[in-house]
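Listed below are the residues making up each chain.
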Amino acid sequence: MVRRRRIAWWELVAVGLAMATVAAIGVLAIRRGAPLLWDEAVYSLRVRELFGEGVRGHYWIQVRAPGLPLVLTPTALWVGASDVAFRVTCLVFAVAGVGVTWVIARLLTSATIAATTAWLLVIAPGWHDSSWQVMPDIPGTTLTLAAMAAVLLAARGDRISWWAPLIAAPLAFAATLIRYGPPLLIGPTILAALALRWP
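Residues numbered from 1 in each chain as written. Predicted model: local features only at pLDDT ≥ 70, side-chain atom pairs only at ≥ 80, totals over all residues. Heavy atoms only, no water.

Chemist: For this particular structure, what's the right way to read the side chain of arginine 48?
Modeler: Structurally, arginine 48 can be placed in helix H2 (residues 38–50). In terms of polar contacts, arginine 48 uses its side chain to reach the backbone carbonyl oxygen of alanine 81, at 2.6 Å. At 3.2 Å, the side chain of arginine 48 forms a polar contact with the side chain of aspartate 83. (Helix = DSSP H or I, 4+ residues; strand = E, 2+ residues; numbered from the N terminus. Polar contact = N/O pair within 3.5 Å; in protein donor to acceptor, adjacent residues only side chain to side chain.)

Here you go:
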């Protein structure tokens, strides 16, 4: 069983600083005003096309996971279909991903290892370089991690809570729509959660 552990103040400071670091890296990168890369432009155009503003054409290939434009649609409705708004939305997923990674590591290991895990994700080049890009990798991975965290949280008692599939299944489905690859990690996580229940 996954044990309940008290959270010390220094842990919250460590994970808060880790999340703030990713946010700062992303904001600085967005403020540079770099033009969209090819794939970023494709996703951005797809959101605009959903609003009737985009260029209709052959830029969208059906092998792409369709979820990222759907995730960016509320942003476009709220603040407009701007590249900066889309990048900030993806950055929010990157910041949340650090927090969710800490939750998973905290449920499975010690406080020190959990804080270290969060910081290792922060300094991973693939994470902070992609954190602000309009790409499906970070949002898809973050939702996958959230599904994994839901399963582990549900496995903390004597048996897996009834709400685990109600939370994990929609998160896994959304992650699959956004990025086809990351949800493959959910199966091993469920097995690990079950193994923790019966040591």
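Chemist: Which parts of the structure should I look at to understand helix H7 (residues 137–154)?
Modeler: Counting along an α-helix, one turn takes 3.6 residues, and residues three or four places apart therefore face a common direction. Compared with the 26 Å implied by 1.5 Å per residue over 18 residues, the 26 Å span of H7 between its first and last C-alpha is a close match. By the criterion of burial, H7 is predominantly enclosed, with 15 of the 18 residues buried. (Expected span 1.5 Å × (residues − 1). Buried < 20%, exposed > 50% of the residue type's maximum accessible area, 1.4 Å probe, protein only.)

Chemist: Looking at this structure, how should I read the nonpolar core?
Modeler: Across soluble globular proteins, nonpolar side chains show a tendency to be buried alongside one another. The biggest cluster of nonpolar side chains holds 22 residues, and the ones touching the most others in it are Val22, Val98, Ala118 and Trp127. Among the secondary structure elements, those contributing two or more residues to this core are helix H1 (9–31), helix H4 (83–108), helix H5 (111–123), H7 and helix H8 (164–178). Take this core: its biggest share by element is seven residues, from H4. When sequence neighbours within four positions are dropped, the list of residues in contact with alanine 118 reads Val15, Ala18, Val98 and Trp102. Counting residues in each nonpolar core, the second largest holds eight residues, with Leu68, Leu72, Ala76 and Val134 among its members. (Core = buried A, V, L, I, M, F, W, Y, C linked by side-chain atoms within 4.5 Å. Contact = heavy atoms within 4.5 Å.)

Chemist: Explanation requested: helix H3 (residues 67–79) in the structure shown.
Modeler: The end-to-end C-alpha distance of H3 is 19 Å, a good match for the 18 Å that 13 residues give at a rise of 1.5 Å each. At threonine 73, H3 shows its largest bend, some 30 degrees, and a proline, proline 74, comes one to four positions later. Packing partners of the buried residues in H3 comprise H2, H4, H7 and H8. Immediately downstream of H3, the backbone of glycine 80 shows phi near 100 degrees, a positive value. (Bend = angle between axes of the 7 residues up to and from the residue.)

Chemist: What am I meant to see in the packing of aromatic side chains here?
Modeler: The description of an aromatic ring pair rests on the distance of the ring centres and on the angle between the ring planes. Considering all chains together, one arrives at zero aromatic pairs under this definition. If you follow arginine 64 out to its NZ or CZ, it ends over the ring of tyrosine 43, 5.2 Å from the centre. (Phe/Tyr/Trp six-rings, centres within 6.5 Å; stacked < 30°, edge-to-face > 60°. Lys NZ or Arg CZ within 6 Å of the ring centre and 35° of its normal.)

Chemist: I would appreciate a short explanation of a nonpolar patch on the surface in the present structure.
Modeler: Together, Trp9, Trp10, Val13 and Leu17 line one region of the surface with nonpolar side chains, adding up to about 460 Å² of accessible area. Judged by relative accessible area, which is 34%, tryptophan 10 ranks as partly exposed. (Patch = residues over 30% accessible without salt bridge, like charges linked within 9 Å, V, L, I, M, F, W, Y side chains within 5 Å. Areas by Shrake-Rupley, 256 points an atom, 1.4 Å probe, with all protein chains shown as cover. Salt bridge = Lys/Arg side-chain N within 4 Å of Asp/Glu carboxyl O.)

Chemist: What is the right way to read the pattern of salt bridges from this model?
Modeler: Side-chain pairing between opposite charges can occur once the charged atoms of the two side chains come close. Evaluation of the coordinates by the stated rule reveals six salt bridges. Two residues, arginine 48 and aspartate 83, come together in a salt bridge whose shortest N-O distance is 3.2 Å. One end of the pair, arginine 48, is in helix H2; the other, aspartate 83, is in helix H4, and 35 residues separate them in sequence. Exposure remark for aspartate 83: the relative accessible area of 30% places this residue in the partly exposed category.

Chemist: Even after reading the chapter, I still don't get the side chain of threonine 73, so can you show me in this structure?
Modeler: Relative to the elements of secondary structure, threonine 73 occurs in helix H3. Setting aside its immediate chain neighbours within four residues, threonine 73 contacts Val47, Leu50 and Phe51.

Keep in mind these values describe shape, not function.
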